[in-house]
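A closer look at the structure
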Amino acid sequence: MRTILLPPDEAGIREAAEALRAGQVVGMPTETVYGLAANALDPQAVLKIFEAKGRPADNPLIVHIASLGQIHEVVSTFSPTAQKLADAFWPGPLTMILPRHPNIPNEVTAGLETVGVRMPSHPVARQLIEASGLPLAAPSANRSGKPSPTTAEHVLHDMDGRIPLIVDGGNCGVGVESTVVSVGDDAVRILRPGKISPEDFEKVVSEVTIDRGVLESVAQDAKVASPGMKYKHYAPNANVVMVEGSLWDFVRYVRVHADHSTGVLAFEEDRAVLQLPFFRYGYAADSESQAEELFDALRLIDEAGLKTVYARMPRRSGIGLAVYNRLLRACAFQVVHLNHPMQVVGLTGPTGSGKTSVSAVWARRGAQIINCDRVARELHQDAQVLLSLSTVFGSDILNSDHSLNRSRLAARAFATPDGLQKLNDIMLPPIIERTLQLLEEYQQDGCAVSVLDAPTLFESGLDAVCDVTVALEANRDTRADRIIQRDHLTKREVDNRMQAQHGAEFYRERADVVLVNDGDLKALHEKAGEWFDGYAKEHGLQP
Ligand code: TXA
Ligand code: MG
């Protein structure tokens, strides 16, 4: 059998719909992952899905519908709670386990009295269901045990010669499979996490529980709410190990354990500090991007032929719970928990907010301070850095003795719209590397607390190596006065500089702690000292 890719246009949909009506299996894009679709009412067609996937017969399929008008063809009762959930989340990435209609054959439900039903939002999936006039049974379109496919190429890779048609709908948006829930009375139990998160359900029903199988491994012979949970899933060829800890822990662990056949599965922000075969799955603080990229990354790892891959642990809120759940299975539940003894405190805030004063207070209490501005100034003597700066900002930012004319560089960088971005692009990678070296030195020295004093803590991604982040806030006029006195600038220059910086909300949104510097220096010292003492006590530190 040759497998043909069809475009998602009218003719493509028509051809695919005819194949479905004739009892064939078709690769179908959805907003989550690609599915292998067949007529849910035809046992022979459904058996072909199991054959093509190599799927165990006791793992039931999800039935896809395009409108609520079809619901009573597939379920025997549709409770008010199910209706409420449908109103809130359909069409979309939610699968509800509901009492099956007698029309639905055992081949679909694996003999269960329930059926999983979902109304996808992807236009191509909806058109296929409508054009075929059928409810479509569709599991993810991977070979059993492989990562779910998020592109038509992935489907072709796994299914070439096994199915006649794939409709190519491009990249799936969500990237992880739908949330599967069993529906109770004003309650849901999450059997498989997805884009629709526990937090989302809490807005619609009064009781939300997460099934044990979501976060724990399930014995092969166990009786589970969702049979899919007991199968080894998403298993790449490499041994994948998840490492819990900050980026800082991760970097140290990988530096010690890596050899020539080791890679890392990490976030874009981590790239600069990880000099190994790098597989990206999204951005550290953006669970949606992680969901989008995870399965593709796992497939790329397979192609690279690595022995071991260390993976950063994702956040577990929102869709992050789904990312964690899938990665946990790809790791076969191997997780290393690290707990570094040294606390890293990130200190940030706009210019003039009082960072230097606060660092001094903490230094007197035994903290080691890494002043990222100072690190930057040291790097301003680095030949490579100077070359990059003069290429971008003009050779006249260098003095005649080839030292950096800092005020001219600052004037250029703050005056042009993307100047600051360009400056960061040049300066941040070496600043990060040097900062990590300093952290390592302090940790080796047995230091209990080190402080990263960094005006661009969040923009640089260095916040990822911090255990806690503290932002200082001060009103604009106070800050302006301080800068004028400290740096001998004119009012206009100060305005320019402050214009280019973030407002208080930026820091409030990101920092764990905000200290407001609205009094005199003595008050700031007291406030900063008090916070530090509390933190040290809470963490049993003796700096
Ligand atoms: O996003 C998705 O849900 C994708 C796209 C194609 O729609 N489909 C998908 O199907 O991921 P599949 O077969 O790979 O996963 C279905 C999951 C399995 O874990 C299965 O055990 C569970 O849903 N399931 C299906 N019917 C069930 C039932 N009646 N009771 C409990 N769990 C069920
Ligand atoms: Mg699957």
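Within each chain, residue numbers correspond to sequence positions counted from 1 in written order. Each chain takes a letter, starting from A, and each ligand takes a number, starting from 1, following the order in which they are written. With the structure being a predicted model, the display of local features is reserved for residues of pLDDT at least 70 and the display and counting of side-chain atom pairs for 80 or more, all residues being used for whole-chain, interface and lining totals. Think of the side-chain values as coming from all heavy atoms in the structure, minus any hydrogens and water.

To continue, consider the domain arrangement of the protein chain. How far each domain reaches was decided by an automatic or database domain assignment. Along its sequence, the protein chain is carved into domain 1 (4-214), domain 2 (239-337) and domain 3 (343-381 + 430-538). Any two residues whose heavy atoms approach within 4.5 Å are treated as being in contact. With six residues of domain 2 at the contact, the number on the domain 3 side is 10 residues. Summed over both partners, the accessible surface that disappears when two parts come together, traced with a 1.4 Å probe, is what is meant by buried area. Between domain 2 and domain 3 the total buried area reaches about 930 Å² when both faces are included, carbon and sulfur atoms providing 59% of it. Considering only the surface of domain 2 that becomes buried against domain 3, Trp248, Arg252 and Val273 emerge as the three largest contributors, covering 57% of it. Salt bridge, as used here, is a side-chain nitrogen of Lys or Arg placed within 4 Å of a carboxyl oxygen of Asp or Glu. For the pair domain 2 and domain 3, the number of links is two salt bridges. With a shortest N-O distance of 3.4 Å, Arg255 and Glu433 are connected by a salt bridge. Polar contacts here mean pairs of N or O atoms no more than 3.5 Å apart (in protein, one a potential hydrogen donor and the other a potential acceptor; neighbouring residues in sequence count only if both atoms are side-chain atoms). Taken together, the connections running from domain 2 to domain 3 amount to four residue pairs in polar contact (both at pLDDT 80 or more). Classification used: nonpolar for Ala, Val, Leu, Ile, Met, Phe, Trp, Tyr, Cys and Pro, charged for Asp, Glu, Lys and Arg, polar for all others including Gly. Taken together, the residues of the side of domain 2 that touches domain 3 sort by class into three nonpolar, one polar and two charged.

As a further point, take the sheet that holds strand E5 (residues 94-99). An order of E1-E8-E2-E3-E7-E4-E6-E5-E9-E10-E11 is seen for the 11 strands of this open sheet, with the pairing classed as mixed. Where the open sheet ends on each side, the last strands, each with one partner, are strand E1 (4-6) and strand E11 (207-210). Angular values range over 0 to 180 degrees, each being the angle between N-to-C directions of two axes fitted as lines to C-alpha atoms, with helices fitted over their stretch in contact. By definition, any uninterrupted DSSP run of H or I lasting at least four residues is a helix, any uninterrupted run of E lasting at least two residues is a strand, and each is numbered from the N terminus. Strands in contact with helix H1 (residues 10-21) are E1, strand E2 (26-28), strand E3 (35-39), strand E7 (136-137) and strand E8 (165-167); relative to E8, the strand with the most contacts, it is inclined by about 135 degrees. Note: two strands are recorded as paired if DSSP finds a minimum of 2 bridges between them.

Here the focus is the nonpolar core. What makes a nonpolar core is a set of buried Ala, Val, Leu, Ile, Met, Phe, Trp, Tyr and Cys residues whose side-chain atoms join them at distances within 4.5 Å. For each residue, the accessible area found with a 1.4 Å probe, counting protein chains only, is set against the maximum for its type, and the residue is called buried under 20%, exposed over 50%, and partly exposed in between. Ranked by internal contacts, the top residues of the largest apolar core, which has 51 residues, are Leu274, Leu389, Phe393, Met427, Leu439, Leu452 and Val465. Of the residues forming this core, the biggest block, nine residues, is contributed by helix H16 (residues 419-444). Looking at this core, you find at least three residues from each of domain 2 (239-337) and domain 3 (343-381 + 430-538). Beyond its immediate stretch of four places on either side in the chain, Leu439 contacts Trp248, Met342, Val344, Ile370, Ser450 and Val465.

The span expected for a helix works out to 1.5 Å for each residue beyond the first. With 18 residues, helix H21 (residues 521-538) extends 26 Å from end C-alpha to end C-alpha; this agrees with the ideal 26 Å at 1.5 Å per step. In this fold, the buried residues of H21 make contact with strand E17 (343-348), helix H12 (355-364), strand E19 (449-453), strand E20 (468-473) and strand E21 (513-516). Phi turns positive one or two residues past the end of H21, at Gly540, with a value near 60 degrees.

Now for the pairing of E20. Regular strands have side chains that alternate between both faces of the sheet. Burial of E20 is extensive: six of the six residues sit out of reach of the surface. Of the two faces of E20, both are covered, the one formed by Val468, Val470 and Leu472 as well as the one formed by Thr469, Ala471 and Glu473. As paired elements, E17 and E20 share four bridges and run parallel to each other. Its bridge partner lying in E20, Leu347 is registered against Val470. As defined by bridge partners, E20 adjoins E21 across four bridges and the pair is classed as parallel. Bridging from a neighbouring strand, Leu472 pairs with Leu515 of E21.

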